[in-house]
Amino acid sequence: MLAKMNSKVGYLIRTIRCFHVCDSKLGPSFRTAVRTYMLGISRHKSAIPSMNLRIFLLNVSPCWLESSLRLLSQGRPDFSKNDCNAQEQNAVKTLLDEHVVQSSSSALGPLEEDRSVVEENLVVKSEKSQSQQFFEDLHKCTSPCDVLDLASTSAISYKYCSSCFTTMWTVTRKMSKDQKHYERELMFKHPAFKQLCQHLMQVSRSMWCDDLVHSLHALVKLGVSQDTRLVQTLLRVCQERLNEFDNRCLSVVANTLTIMEQSRNVDALQAGIWILVEQQIPKISDVFMLQSLMKCIGKDAPISLKRKIENKILKELDRFSSSDAQQTFSALAAMNYCSFPILNACSNKIIENIYHTPFEESIRVLRSCSILQYHNVALCSAMANYVTSGIFMWNTDEITPLLSVFEDLGFRAVELMDIFAEKVTNDPELLDLKAILIVLRAYSRLNHVPKCQNEFLESLSNALNMYLPRISNVDLLKAVFSFCTLGYLPQPALNQLLQEDILNELLTSDGIKKEQNNMMLHYVNVCLELDSPSSFTKPAAVFIKKSSLRLVYGFPEVQEALLKLLGDESMFQQNIELPYDYKIDFKIKMDADRKKVLPVTEADDLADDLDVQRLAVLCGHISDFCVGTSHPQGMLAMKIRHLKALGYHVILVHYHKFKTLKKEEAIKWLKGKIYSAEAFHGSCVNLQDNC
């Protein structure tokens, strides 16, 4: 008898170990069934009624049973602090009582016992084969309706509703916009969809946490209305089970909330995530876990919570590796918190290991810098030099994203852009339409004129001509606008853009697009009139004058310096409106030799007088210049070019740097810019460097 009991105990232990081994292979529903049966926490019937698990518990010592239960529950959420603790204890007690009763009155013989074991093994194998077949078929589905058809014909499909919803979202996300809309309409009308949703709502409280959050995420992505009872139920269940979520589950549900509209349940769940994260911060010692929690809290988290995380990171900075530093940029961007101490320290760590940094990670770091509006010239220069040193090792598809993110940051990588321009000039076919638009936008916005300017722009124009038959009107306008910003007029592209039907379509767009199109067309019109007035014949009454409520900025430091230098307010004018919707901050009129400043009243109507020279003082904000330099960006450079065409001598003031000068230095710098070299004696080299 003792030998039989020992063999049964051994079989029980092997069975429990088998459950652990097969945990990932048998699917979430099978795991849930075993877990809920053994722990006694399910509010529903067991998902495996055919498995008579009580047979395994016959003639088993209570100590063996309790230890086996502990073994089975290792690595699972702790229910000791929840109300289900009492349920677990009652379930265990019930099973032990049944063991005592059945062991005293058992009449099973050896042959019957062996036959029962064989039957149970067959049931397990059958269940496993059905599960494997279901997931194999699910993997072959190519549309949501395929998944629903499988769910309606499979006997065990409803146990795997989370996998069904996730698969429907996965196959849908790869489709085009029109196809997505069509497939979703079919999905909502499919009879199995409603049944699957009802089953998900019924089993939501007994699901594994990862299945729960992924189901919610898939439903929202599939376009199921947030106001439905199903979505609201899942939100409430997530609130109830929030303490059971690990970092991955928190991350999934946090990302889901970012795409949902505000509501009572959404706000409550978001607040619960913030409280949970705040409680865990002091206990965290792992850097990866800390970064995961940073991504969970989102951009709308309280500033107090963000500062607590910042202080925790500052304490851990000494242990950061280069990889940790890279991931910290993404984590800070995820919660939209620009911490200069952290970013500076992480930047130094990345610069030290720049040649060991994966190129994709470098792009992600720079994109995070763009989101955070963090401009570190040393970091950008290190990455630009890294790519430049092996420029011929990189594909065009790898360099163009780097140029795009440099453009977003306003960083002008001179050497890299010169070498890349030569590469494109020699082989323009390397660029597809998307790459052409990126390169044009980067070079025009950063106002970078390569050494081979004419050949480079001509090569880009020829490359663009190949795509003119199938380019969209908006992309055509963006390309022409970028060319015009650089002072180049691409004839074939312009001829196509100036067709009245295309212009009318661009000008009749809705909302912000209409304003953007109107602005770009306005400047294309200005370039046609000022850069090459006789090259093109424009259709009549096609261009609409750009009208905008322009903010009038005051520049008191510049005004004060001009007043002390010129001696009287009548010697200059402020905020002058010019044709073509241009404005200059200060206007000064001088004699032809620029030795004497003329009062405004003496030269009001002498615009074409050769004895009078007009000076335009432009004050540029820090965003008008490339990062770390006094090099004007594209729009400002185009304005300077057009003001010169209108007969002005332009004096450009970097206002942010000008404010750092002492009053005497500021006056001396302006004097050197306003008066000619013969009229002004003295060196201004240092001041020019500073300003």
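Note that the structure is predicted; figures quoted are calculated from it, not measured.

Cut-offs used in this document
Within each chain, residue numbers correspond to sequence positions counted from 1 in written order. Local features in a predicted model are, by the rule used here, given only for residues with pLDDT of at least 70; side-chain atom pairs are given and counted only at 80 or more, and totals for whole chains, interfaces and linings are based on all residues. Water and hydrogen atoms play no part in the side-chain values, which are based on all heavy atoms of the structure. Defined by distance alone, a disulfide is two cysteine sulfur atoms within 2.5 Å. Numbering goes from the N terminus for both helices and strands, where a helix is a DSSP run of H or I of at least four residues and a strand is a run of E of at least two. Burial classification: accessible surface area is computed with a 1.4 Å probe over protein chains only, and a residue below 20% of its type maximum counts as buried, one above 50% as exposed, and the rest as partly exposed. We call two residues contacting when some pair of their heavy atoms lies within 4.5 Å. Throughout this description, the term nonpolar core refers to a set of buried Ala, Val, Leu, Ile, Met, Phe, Trp, Tyr and Cys residues connected via side-chain atoms within 4.5 Å. This arc describes the spread of directions from the helix axis toward the C-beta atoms.

(A) Up close: the state of the cysteines. Counted according to the given criterion, the structure contains zero disulfides. Sulfur of C161: no disulfide; nearest cysteine sulfur belongs to C164 and is 7.1 Å away.

(B) Geometry of unusual backbone geometry. With a phi angle near 50°, N336 is a residue other than glycine that sits in the positive phi range. Here N336 is to be found in the loop between helix 16 (322-334) and helix 17 (340-352). Here N336 falls in the partly exposed class, since its relative accessible area comes to 39%. Positive phi is not limited to glycine here, since R594 has a value of about 55°. Within the element layout of this structure, R594 appears in the loop between strand 2 (582-591) and strand 3 (597-598).

(C) The environment of K312, seen in detail. Here K312 shows up in helix 15 (residues 303-316). Sequence separation of K312 and I284 is 28 residues, and the distance between their C-alpha atoms is 8.9 Å. The contacts of K312, once residues within four sequence positions are left out, are I281, P282, I284 and L290.

(D) Local environment of the nonpolar core. Core analysis: the biggest nonpolar cluster contains 164 residues, and F165 and F245 have the highest contact counts within it. Among residues more than four places away in sequence, those in contact with F165 are F193, L196, C197, L200, A218, L219 and L222. Formed by 25 residues, the second largest nonpolar core is a distinct cluster that contains M571, L615, W669 and L670.

(E) Focus on helix 26 (residues 500-507). Where helix 26 is concerned, the buried positions are I502, L503, L506 and L507. Summarising the axial view, the buried residues of helix 26 lie within an arc of 125°, below the 170-degree limit, and thus occupy one face.

Remember that the coordinates give geometry; whether it matters functionally is a separate question.
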